[in-house]
Amino acid sequence: MEIRQLGFSEYKGMTLNVTYETERFYDVAVRENGFELLLSQFDEPQIKSFSDELFPQWLEAPVAFGAFEGEKFAGIVEGSIETWHNLFRISNIWVDNDMRRKRTGQTLMNKMIEFADAIMTAEE
C-alpha cells in the first residue's frame, strides 16, 4: 500500500459515498448541569450511508492523503488546520470495504497526524 498526498485541483469535489453497519448509537441525556452521551444498542444492526465531497469551501487549508493498492483507491483521509482556535480537524476518513481490517485507516490517520504535527509545530 502506498500513501500519497492528493492534489487539490485534481480531487476537489470528488464524492465520497460512505456506507457502514452499526449496532450502537449515542443517545443524548439532558442532565441538571449539561448533558451526557450514553452508548446505546439498536435492536438489530443498522446500515447507514452518506455522501461528502473532498476539499469543501468551509475548510481553511484542506489537505488529503490517499491510500492506493496499485492505482486503486484503498482509502482517503482529509483534514485542515483551524487557526481561529489552534487545532487540526479530521474532516473525512473513508476506507474501501475490501481494505478494512488491514490497518489502512490506521496508516492514513498516522500520516495525517504526522502532517498535522508538523504544521502545528511550525505555527508555534
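Parameters at a glance
- Residues numbered from 1 in each chain as written.
- Predicted model: local features only at pLDDT ≥ 70, side-chain atom pairs only at ≥ 80, totals over all residues.
- Heavy atoms only, no water.
- 1 Å grid on protein atoms, 1.4 Å probe; cavity = no way out; pocket = protein on both sides within 12 Å on 5 of 7 lines; lining within 4 Å.
- Points joined across faces, edges and corners; volume = space filled by probe spheres on them.
- Helix = DSSP H or I, 4+ residues; strand = E, 2+ residues; numbered from the N terminus.
- Nonpolar A, V, L, I, M, F, W, Y, C, P; charged D, E, K, R; others polar.
- Contact = heavy atoms within 4.5 Å.
- Phe/Tyr/Trp six-rings, centres within 6.5 Å; stacked < 30°, edge-to-face > 60°.
- Buried < 20%, exposed > 50% of the residue type's maximum accessible area, 1.4 Å probe, protein only.
- Lys NZ or Arg CZ within 6 Å of the ring centre and 35° of its normal.

(A) Just the layout of surface pockets, in detail. When its volume is computed, the largest pocket comes out at roughly 250 Å³. Forming the walls of the largest pocket are V18, T19, Y20, E21, F50, I93, W94, N97, R100 and R101. Put simply, the parts of the chain that give the lining of the largest pocket at least two residues each are β2 (15–31) and β6 (87–95). The element contributing the most residues to the lining of the largest pocket is β2, with four residues. Residue composition of the lining of the largest pocket, grouped by class: five nonpolar, two polar and three charged.

(B) Representation of the environment of Q41 in the model. Tracing the sequence through the fold places Q41 in strand β3 (residues 34–53). For the pair Q41 and T107, spaced 66 residues apart in sequence, the C-alpha to C-alpha distance is 29 Å. In contact with Q41, other than residues within four places in its own chain, are E23, R24 and F25.

(C) Structural detail: the packing of aromatic side chains. On inspection of all chains with the given rule, the structure shows six aromatic pairs. On the numbers, 5.8 Å between centres and 75 degrees between planes, the contact of Y11 with F73 is edge-to-face. Here Y11, found in helix α1 (residues 8–11), pairs with F73, found in strand β5 (residues 72–82); they are 62 residues apart in sequence, far enough to count as distant. The two residues Y11 and F73 agree in class, both being buried. Here the aromatic residues Y11, F68 and F73 are joined through ring pairs into a cluster of three or more. Over the ring of F68 we find R4, and its NZ or CZ is 3.7 Å from the ring centre.

All quantities given are derived from atomic positions and should not be read as evidence of function.
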